[in-house]
Protein chains: 2
Amino acid sequence: MTSPKNDKNTRTTGRPTLNEVARLAGVSPITASRALRGVSTVATELVEKVQKAALELNYVVNPAARALASAQSHSVVVLVPSLSNLLFIDTLEAIHRVLTPKGFEVLIGNFHYSRDEEENLLRNYMAYQPRGFLLTGFDRTESSRRMIEASNIPCVYMMELDSAAGVNCVGFSQLSAGETAAEHLLSRGRKRLAYIGAQLDQRTLLRGEGFRKALQKAGRYDPDLEVLTPRASSVGLGGELFLQLLAAHPDVDAIFFGNDDLAQGALLEALRNGIKIPEQVAILGFNDLPMSEHMVPRLSSINTPREAIGRRAAEQMLTLMAGNKVARPVEDMGFELKVREST
Amino acid sequence: MTSPKNDKNTRTTGRPTLNEVARLAGVSPITASRALRGVSTVATELVEKVQKAALELNYVVNPAARALASAQSHSVVVLVPSLSNLLFIDTLEAIHRVLTPKGFEVLIGNFHYSRDEEENLLRNYMAYQPRGFLLTGFDRTESSRRMIEASNIPCVYMMELDSAAGVNCVGFSQLSAGETAAEHLLSRGRKRLAYIGAQLDQRTLLRGEGFRKALQKAGRYDPDLEVLTPRASSVGLGGELFLQLLAAHPDVDAIFFGNDDLAQGALLEALRNGIKIPEQVAILGFNDLPMSEHMVPRLSSINTPREAIGRRAAEQMLTLMAGNKVARPVEDMGFELKVREST
DNA sequence: CTGCATCAGGACAGCGCTACCTTAGTGCCT
DNA sequence: AGGCACTAAGGTAGCGCTGTCCTGATGCAG
C-alpha cells in the first residue's frame, strides 16, 4: 500500500545476479553463465565482455542457486576424529590448499572418535549434496558404510591403507609402523618392551598389533606389557600410565607410545621422578609432533606424512570429481623413524 | 526417444523432496514445510503426520533450495588466525556445540594471521550469504571493515573487547592480562622483568603493553627486556629467544611469555642448560594450554576462557540472528592466573 | 550455387523450497 | 442470527542459476 510499485522485493538478496551481468554485457544469461564457468564454446570476445561486466558489478555466483540448478554442490566434506590433535590440522590445511583454489568449499566435521557421531555427521552432510567425502580410516558403522555406498559420492580414505577393489586411500601401513618401532627398540638391545596406547581407535590398535607381531617374532612378547585404555590421549595420561607401568614392571626397558602426547607426558614424569631416559627406559613416540624434538631428552618418534596425506587425498578427490579413475588408488606415503635422544 | 515417459530426470538429486513428504502425509507442501520448520501455526496432529512421513522417507531438507527460496542461508562463518594453535580449537568446538543443534552450519576460515587473507576469506564467504560472522579481534583491513559494514550481516568479535557503540564482542581485556602478569611477578620480588612475544598479532601486543604499563608504574620498566618478533610462535622459538635473552641480560629474573608454546620451550631449554626455574628466572606463560601444568617445573600461566568465549559468542550470534538486540553486547569473560611451580 | 554438417548462442523450463496472498473454517460478540 | 475478527491450510509464484533442447549462422564439399 505504502509503495504500490515496490521493486525492493525483500526476497531477493540485493546482490547482482547473472541476469544483470548478462544485460550489461549485452548477451543472454546462459551465455554469461557459460562464459563465467568456462564451459562449452563461447567466443573469446564475449567471454571478456562478460568477465568485465561481472567485475564491474562485483558479481559473485549464488552457490545456492547453482547447487539447486545443477543438483551438484561444490563442497567436499572432510571428517576427522579430532581437532585438538595437531595431527589432523596439518592434513586439513593441506586439503584446503588443494581444493579451495579449484573453487571447492571444504566442510569440516569432527566426530570425536565416535562411530555414531560420524554416522550422524555423514547423514547431515549428505543433505548438502557434497561432491566428495574425505574420511579418516575404515572403522565405521555399517549404516555409515551403506550410506556412503548408496550415495554414489566419491570417497577417499585417509591415514590407513586397504587394497580392496574400488577403494581410494592415501596413508601408510599402521601395522608396519608398529613393527618398525619394535625393531628399532630391539636393535637398541632392549629386552622388556612395552606398548602404551590410548583412545584405541583402529590405527592405535593396528600399530599395537604390528608392535606385538614383531616382538613375538623376536620371542620378546609379554602381554602384561601391553597397556591399552580407551581414555582420550593426553600428556597427563601418558605420565600417569608410564608411572603405573614402571611401578608394576620395574624391569621394563623400552616403551613405544601410540601417540606423542603420551610419550611427552612420560618424559616429563621421568624428569620429575629422576628416571633416566634412555638409560633406564627408552621411549619412542608416534607422529612426531612439533614439540617432540624439543623435549628433554629429545623424543625419538615416527614421523607421519600428515601434510602429504592431505594433499594427495585432495588430489585424488579432484580426479574422482572430474569423473576419472585414479591411476594409483592405494597410495602408501610411508613414515620415517626419527631417532633422537630418548632411544 | 528411447523412453517417452522418462521420469528419471537426471537433474533431480534422487532424494525425497518436500512434495513427496507432503503427499505421504496427505497435506500440502507448504504445510509440510511449516510443520518441519516449526513455524506458524500448524495443528499438532498434522505436524506429527508430517514428521512421521519425513522419517519414513528419510527426508532431509535441501539446503540449497531453502537458501534460494528464503534468500537466507543457515551458515555462520567463523574466521580464526590459526588452527595449529590449540587455543582456537576449544573456541571452535564451543561454537559448534551451540550453533549446530540450532540447525546452523559453521564454516571455518583460517587466515593464518594475515589481514589480507582474512579480507579474501570474507569476500569469498560473502557469496554464501552467511547469517553471521564470528571474527577474531579488531585488527583488520579497511576494506574488510567496509565489507562487513555494507553487508549488514550480524557480527560478533571474539577474544578482545571494544566498548564502541553497536559492537558485539566477547573476550577479556588483553591489557589487564598483561598487567596481572607483571603484578604477579613483581609480587614474587622480581626486579628484572622481561616480556617475550612472537607472532605479534594485536592481542600479543596488547598484553605486552599492559605488562609494560604495570612495570612503568612500578619503576621497573627496561625497554631492552622487551623481545618482540613477528616470527610464528612455537616451542622451538621460545627456547631460542629465552637463551638469547639470558645471554644478553644474565640478570633477568622473570619472564612473561606472550604464549604458552614459547614458555614451554623456555622451560625445556632451561632444563637442558641447567638453568634453575624459578630460582634463577621465574617463567609465566599465557593461555594455559593443557600441557603447561605437566611441564617440569609446572608452568604458571594465565588461563583464558576459550571455551566460554566461543559459547557466549555463539549465543550472542543466535540472539542477533533472531533479530534481537543483545542485552550485554560487551561481555568480559575474564581470565585466571594459575600460579604453579615456575613462578 | 545448393545441401549438409558443425557450432555459437539463445529460449525454455525447472531444480526444491518458501514468502506472500487467498480461501475456508471457527468462535465470539452484538 | 448475522457479521466480524481471527486462525489454519492451500495456491501461486519465484528465488538465481543451469541442463536440455533448438535456432540460426557459418563453412565446406559436391
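What comes next concerns the included structure. All values reported here derive from a predicted model rather than from experimental measurement.

## Things to note about the packing of aromatic side chains
Here comes step 1: By the definition in use, this model includes 16 aromatic pairs over all chains.
Here comes step 2: Centre to centre, the rings of B:Phe256 and B:Phe286 are 6.4 Å apart; their planes meet at 70°, and the pair counts as edge-to-face. In this pair, B:Phe256 is assigned in strand 8 (residues 254–257) and B:Phe286 in strand 9 (residues 282–287), connecting sequence segments 30 residues apart. This pair shows no difference in class: B:Phe256 is buried, exactly as B:Phe286 is.
Here comes step 3: Three or more aromatic residues joined by ring pairs form one cluster here, namely A:Phe172, A:Tyr195, A:Phe211, A:Phe256, A:Phe286 and A:Phe335.

## Describing the sheet that holds strand 6 (residues 193–198) of chain B
Residues and elements named next belong to chain B.
Here comes step 1: Taken in spatial order, the six strands of this open sheet run 7-6-8-9-10-12, and their pairing is mixed. A strand with exactly one partner marks an edge of an open sheet, and here the two such strands are strand 7 (226–229) and strand 12 (336–338). Strand after strand, the sheet turns through a mean of 15° between neighbouring axes, direction not considered.
Here comes step 2: Helix 10 (residues 235–248) contacts strand 6, strand 7, strand 8 and strand 9 of the sheet and is inclined by roughly 145° relative to strand 6.
Here comes step 3: Together, strand 6, strand 8, strand 9 and strand 10 (300–303) form the strand contacts of helix 11 (residues 260–273), whose direction differs from that of strand 9 by roughly 150°.

## What about the pairing of strand 10 of chain B?
All names here are of chain B.
Here comes step 1: Looking at chain direction, strand 9 and strand 10 are connected through four bridges and run parallel. Note on strand 10: the bridge partner recorded for Leu284 is Ser300.
Here comes step 2: Pairing analysis gives three bridges linking strand 10 to strand 12, with the strands arranged antiparallel. Counted as the bridge partner of Asn303 is Glu336 from strand 12.

## Considerations on the protein's contact with DNA strand C
Here comes step 1: The full set close to DNA strand C counts 28 residues, and A:Thr31, A:Thr41, B:Leu18, B:Ser33 and B:Tyr59 are the nearest of them.
Here comes step 2: Near the protein, within 4 Å, the atoms of DNA strand C are sugar or phosphate in 68% of cases.
Here comes step 3: At 2.7 Å, a side-chain N or O of A:Ser28 approaches a phosphate oxygen of DNA strand C.
Here comes step 4: Residue A:Ala69 places a main-chain N or O atom 3.3 Å away from a base oxygen belonging to DNA strand C.
Here comes step 5: When residues of the surface near DNA strand C are traced back to their parent elements, those giving at least two are helix 2 (29–37) and helix 4 (63–70) of chain A together with helix 2 (29–37) and helix 4 (63–70) of chain B.
Here comes step 6: Residue composition of the surface near DNA strand C, by class: 12 nonpolar, 10 polar and six charged.

## Observations concerning the protein's contact with DNA strand D
Here comes step 1: Within the structure, DNA strand D sits among 29 residues, and A:Leu18, A:Ser33, A:Tyr59, B:Thr31 and B:Thr41 are positioned closest to it.
Here comes step 2: For DNA strand D, the backbone portion of the atoms within 4 Å of the protein, that is sugar and phosphate, comes to 68%.
Here comes step 3: One of the side-chain N or O atoms of A:Arg66 is found 2.8 Å from a phosphate oxygen in DNA strand D.
Here comes step 4: Residue B:Ala43 places a main-chain N or O atom 2.7 Å away from a phosphate oxygen belonging to DNA strand D.
Here comes step 5: Those elements giving two or more residues to the surface near DNA strand D turn out to be helix 2 and helix 4 of chain A together with helix 2 and helix 4 of chain B.
Here comes step 6: In terms of residue class, the surface near DNA strand D is made up of 13 nonpolar, 10 polar and six charged.

Thresholds applied
Residues numbered from 1 in each chain as written. Chains lettered and ligands numbered in written order. Predicted model: local features only at pLDDT ≥ 70, side-chain atom pairs only at ≥ 80, totals over all residues. Heavy atoms only, no water. Phe/Tyr/Trp six-rings, centres within 6.5 Å; stacked < 30°, edge-to-face > 60°. Helix = DSSP H or I, 4+ residues; strand = E, 2+ residues; numbered from the N terminus. Buried < 20%, exposed > 50% of the residue type's maximum accessible area, 1.4 Å probe, protein only. Pairing = 2+ DSSP bridges. Axes fitted to C-alpha atoms, helices over the stretch in contact; angles between N-to-C directions. Contact = heavy atoms within 4.5 Å. Near = heavy atom within 4 Å. Polar contact = N/O pair within 3.5 Å; in protein donor to acceptor, adjacent residues only side chain to side chain. Nonpolar A, V, L, I, M, F, W, Y, C, P; charged D, E, K, R; others polar.

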